[in-house]
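Structural description and commentary
Here are the chains, one letter per residue:
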Amino acid sequence: MSRNDELRETQSNDFTDEYIVEKANDSKKNAFRLIKRLAQQKWKLLIVFISIAISSVFMILSPKVMGVAINQIFDGIQTAAKTGGNFTVNFETMGVILSVLFGLYLLESLFSYIQQNTMASVSQTLSLSLRKEISGKLNRLPLRYFDRHKKGEILSRVTSDIEKVADTLQDSLTQLFSSVVGILGAFGMMLWISPVLTLIAAGTIILSIVIAVLVASKTEKSFAANQECLGRLNSSIEESFTGNMVIKAFNLEKQTVKNTDKLNEDLYHASSKAMFLNYAISPVIRLVGRLGYVIIAIRGAVSVINGTISIGDIQAFIQYVNQVTEPVTQVSYTLNTLQGAIAAAERVFELLDEEEETSDTALFGRLAAPKGDVCFQHVRFGYSDDNILMEDISVNVKPGSKIAIVGPTGAGKTTLVNLLMRFYELQGGHIFIDGVDIAEMKRDELRSLMGMVLQDSWLFGGTIRDNIAYSRENATDEEIYAAAKAARADYFIRTMPQGYDTVLSDEITSLSQGQRQLLTIARAILANPAILILDEATSSVDTRTELEIQKAMDVLMKDRTSFVIAHRLSTIRDADCILVMKHGTIIEQGSHEKLMEQGGFYADLYNSQFAAKAG
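Residues numbered from 1 in each chain as written. Predicted model: local features only at pLDDT ≥ 70, side-chain atom pairs only at ≥ 80, totals over all residues. Heavy atoms only, no water.

**Here's the deal with the overall build of the protein chain**
Check the secondary structure of the protein chain and you find 20 helices and 12 strands. Looking at the protein chain as a whole, 47% of its 615 residues qualify as buried. Taking as baseline every contact in the protein chain between residues at least 6 positions apart, the subset at least 24 positions apart corresponds to 80%. Here the protein chain has roughly 31400 Å² of accessible surface; of this, 58% comes from carbon and sulfur atoms. (Helix = DSSP H or I, 4+ residues; strand = E, 2+ residues; numbered from the N terminus. Buried < 20%, exposed > 50% of the residue type's maximum accessible area, 1.4 Å probe, protein only. Contact = heavy atoms within 4.5 Å. Areas by Shrake-Rupley, 256 points an atom, 1.4 Å probe, with all protein chains shown as cover.)

Below, the structure is given as structure tokens:
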């Protein structure tokens, strides 16, 4: 069993610990990181800010112009009442005022569209850059990161968290800045019209801000909990899909549904709490604002009667109060929404901040003519410094040798070849290929020397031709056909509906496990590696299919250094050397005949398999 398999078995036990949620660890730091990323699009943001400023100016001027129109009508009514004449409207003057008002509304709408459209471009560009960066990051992360994190949780960060950041910035950032500019402009006009009424309005606005700050301080934790619960649910659903057959085989459908219901319930409660805090603030602030309207209306009416203010200015003042109180509500709502975006951004940044594989020293270039001479020299390794699995492993492998690695589950067989591929870094010792320390080689140069066939025959959504050619870029059709023939896969491929152009996908299950494995062997043959690694390549197929695969692998292993991990010891009797591992240590090594003569652990293991078959 590989280290990955061991960890998957234990992850279900510490699942809850993995997703402990408190709150964003450092909101200011993550907000600053978002601002730095947005600053990379400073010219677009400048257009947004200029558009916000211009549209806000037009919005602020509109009530004052409307007040001029109301004053003209009111003055006409008063004049008619005093003189006893008929009330008339100067349509020429009123037409000019209405035209100006219409122009202000039109320009405000135009610049609002510009700011929203530009901000959409900013947010989508940010989303694109984050996805590109995460894509590269995932390829640079060591395997231990994927050992410790569930696929669903990683997918949640890559998809829903990034979408939440982008959507929130697109909808909320322009709203935040336009609200702030609108508040300042409207507040200035209010002071110009009546300082006394402005003080009354300011009291209600300050009360609204206090309420908004108090609620906003509680929402961040709720939004973080909501995102983490969503990650749990995504991970559970992903596991249910991939392990559907196992779930049915062990009659665990009810337990799976129960677990999913529990995660759904957790997400429901977390989401309900976050949404309640998010939406409750708006009606509370509006209530405070309505009370302020009443006080302002009464005090304004008294001022009109006393002649200290015009009725047009009162209506303009009330509109300005609305332009202040509504944006305050919007700001409070936007701040709450931004808390959710910051919580999501923190999860994205945590992924981007993960420790990567050690950088390639590249002290040595590509091997010109690789022979496949492999040497493990005093290798020491553990998945953590305080849990050493291998201690002082030394093995010399001659070019073209077939090396079998056997041992009980968890003995370190897969780990040994993972170290050869530099999937993990050593804690001590060295591994040499043709006399070159692999630590001094670039990983891509090192891995280009090797071909790997795993127990799980991984095929991607694409044609059979593309799947075989995956190991070598720009392979010709003739080379692909030759590799398939060598792997004994050409015959069944040509019986497929479109032959080599048949598209494989998760929905197409017409290929047997053995046929899928033959395709992966054809892929390895096409790569023409100097070193071949076969990790339980035949353990999941029947005996007859195993014989066919074994013949294909014999072609593949010819004149190549091969490492074969196998549970069925009958398949590796012809190996040049058999490494017997137990608890991360090589306890025996030699040919099959030599190990049987010793009568040690290997002999017991071999005899027990044949005794089981006989039984």
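**Some details on the side chain of Arg422**
Position of Arg422 among the secondary structure elements: in the loop between helix H12 (413–420) and strand E4 (428–433). A relative accessible area of 3% places Arg422 in the buried class. Engagement of the side chain of Arg422 in a polar contact is seen with the backbone oxygen of Ile438, the distance being 3.2 Å. From its side chain, Arg422 meets the backbone oxygen of Met441 in a polar contact 2.9 Å long. (Polar contact = N/O pair within 3.5 Å; in protein donor to acceptor, adjacent residues only side chain to side chain.)

**Description of the pairing of strand E2 (residues 387–397)**
Bridge count between strand E1 (residues 374–384) and E2: seven bridges; the pairing is antiparallel. If you follow Phe376 over to E2, its bridge partner there is Val395. The antiparallel hairpin formed by E1 and E2 contains two residues in its connecting segment. (Pairing = 2+ DSSP bridges.)

**A short note on the side chain of Glu588**
Structurally, Glu588 can be placed in strand E12 (residues 585–590). Despite its burial, Glu588 remains without a salt bridge, the nearest opposite charge being carried by Lys582 at 9.0 Å. Among the polar contacts made by the side chain of Glu588, one reaches the main-chain amide nitrogen of Phe601 at a distance of 2.7 Å. Residues within four places of Glu588 in sequence aside, it is in contact with Ile578, Leu579, Val580, Leu595, Gln598, Gly600, Phe601 and Tyr602. (Lys, Arg positive; Asp, Glu negative; His and termini not counted. Salt bridge = Lys/Arg side-chain N within 4 Å of Asp/Glu carboxyl O.)

**Quick notes on the packing of helix H15 (residues 477–486) against helix H17 (residues 513–527)**
The relative placement of two packed helices is expressed as an angle between their axes plus a distance between the axes. Remark: H15 packs on H17, axes separated minimally by 8 Å, with the N-to-C direction vectors making an angle of 125°. Taken as axis vectors, H15 and H17 run oblique relative to one another. Relative to H17, H15 is oriented so that their crossing is right-handed. Contacts between H15 and H17 involve Glu479, Ile480, Ala483, Ala484 and Ala486 from the former and Ala522, Ile525 and Leu526 from the latter. The residue inventory of the contact of H15 with H17, partitioned by class, reads seven nonpolar, no polar and one charged. (Axes fitted to C-alpha atoms, helices over the stretch in contact; angles between N-to-C directions. Parallel < 35°, antiparallel > 145°, perpendicular 65-115°, else oblique. Left-handed = near helix turned anticlockwise from the far one by under 90°. Nonpolar A, V, L, I, M, F, W, Y, C, P; charged D, E, K, R; others polar.)

**Observations regarding helix H7 (residues 151–193)**
Compared with the 63 Å implied by 1.5 Å per residue over 43 residues, the 61 Å span of H7 between its first and last C-alpha is a close match. Along its length, H7 reaches its greatest deviation from straightness, about 35°, at Leu169. (Expected span 1.5 Å × (residues − 1). Bend = angle between axes of the 7 residues up to and from the residue.)

**Here's the deal with the environment of Gln315**
Mapped onto the elements of the fold, Gln315 is located in helix H11 (residues 311–352). Counting along the chain gives 252 residues from Gln315 to Pro63, while the straight-line C-alpha distance between them is 7.8 Å. Among all residues touching Gln315, those that are not within four sequence positions of it are Pro63, Met66, Gly67 and Ile70.

**Quick look at the pairing of E12**
Where strand E11 (residues 577–582) and E12 come together, five bridges link them in antiparallel fashion. Paired with Lys582 across the two strands is Thr585, which belongs to E12. Linkage of E11 to E12, two consecutive antiparallel strands, is achieved through a turn of two residues, within which His583 is found at a positive phi near 55°.

**So, the environment of Tyr105**
Here Tyr105 lies in helix H5 (residues 91–140). The class of Tyr105 is partly exposed, set by a relative accessible area of 35%. Remark: the alpha-carbon pair of Tyr105 and Leu61, spanning 44 residues in sequence, is separated by 9.8 Å. Setting aside anything within four residues of it in sequence, one finds Tyr105 in contact with Ser62 and Met66.

**A word on the pattern of salt bridges**
Using the criterion set out here, one finds 15 salt bridges in the structure. Of the charged contacts in the structure, one is a salt bridge between Glu133 and Arg37, with a shortest N-O distance of 2.8 Å. One end of the pair, Glu133, is in helix H5; the other, Arg37, is in helix H3 (residues 27–38), with 96 residues separating them in the sequence. Judged by its relative accessible area of 32%, Glu133 is partly exposed.

**Digging into the confidence of the model for the protein chain**
Taken as a whole, the protein chain shows an average pLDDT of 79; of its residues, 87% reach a score of 70 or greater. Contacts of residues 1–23 to residues separated by more than four positions or lying in other chains number 39 contacts, the stretch itself having pLDDT below 50. (pLDDT = per-residue confidence, 0-100.)

**Describing the packing of aromatic side chains**
Each aromatic ring pair is specified by the distance between its two centres and by the angle formed by the two planes. Summed over all chains, the structure comprises seven aromatic pairs. Seen in terms of ring centroids, Phe58 and Phe111 are 6.3 Å apart; in terms of plane orientation they differ by 45°. Their pairing is tilted. Of this pair, Phe58 sits in helix H4 (residues 42–83) while Phe111 sits in helix H5, and the two are 53 residues apart along the sequence. With respect to class, Phe58 is no different from Phe111; both count as buried. On the basis of an interplanar angle of 25° and a centroid distance of 6.1 Å, the ring pair of Tyr602 and Tyr606 is categorised as stacked. Highlighted residues: Tyr602 and Tyr606, both in helix H20 (residues 601–614), separated by four residues, approximately one helical turn. Overall, the relative accessible area of 0% leaves Tyr602 in the buried class. (Phe/Tyr/Trp six-rings, centres within 6.5 Å; stacked < 30°, edge-to-face > 60°.)

**Side note on the layout of surface pockets**
Taken as a whole, the second largest pocket spans an internal volume of roughly 420 Å³. Residue lining of the second largest pocket: 19 residues in total, with Met59, Glu108, Gln175, Ser178 and Ser179 positioned closest to the centre. Of all the secondary structure elements, the ones that give two or more residues to the lining of the second largest pocket are H4, H5, H7 and H11. The element best represented in the lining of the second largest pocket is H7, accounting for seven residues. Its residues assigned to classes, the lining of the second largest pocket comprises two nonpolar, 14 polar and three charged. (1 Å grid on protein atoms, 1.4 Å probe; cavity = no way out; pocket = protein on both sides within 12 Å on 5 of 7 lines; lining within 4 Å. Points joined across faces, edges and corners; volume = space filled by probe spheres on them.)

**Digging into a nonpolar patch on the surface**
Residues Val294, Ile295, Ile298 and Val302 make up a contiguous nonpolar surface patch of about 340 Å² in total accessible area. Along the chain, Ile298 falls in helix H10 (residues 253–306). (Patch = residues over 30% accessible without salt bridge, like charges linked within 9 Å, V, L, I, M, F, W, Y side chains within 5 Å.)

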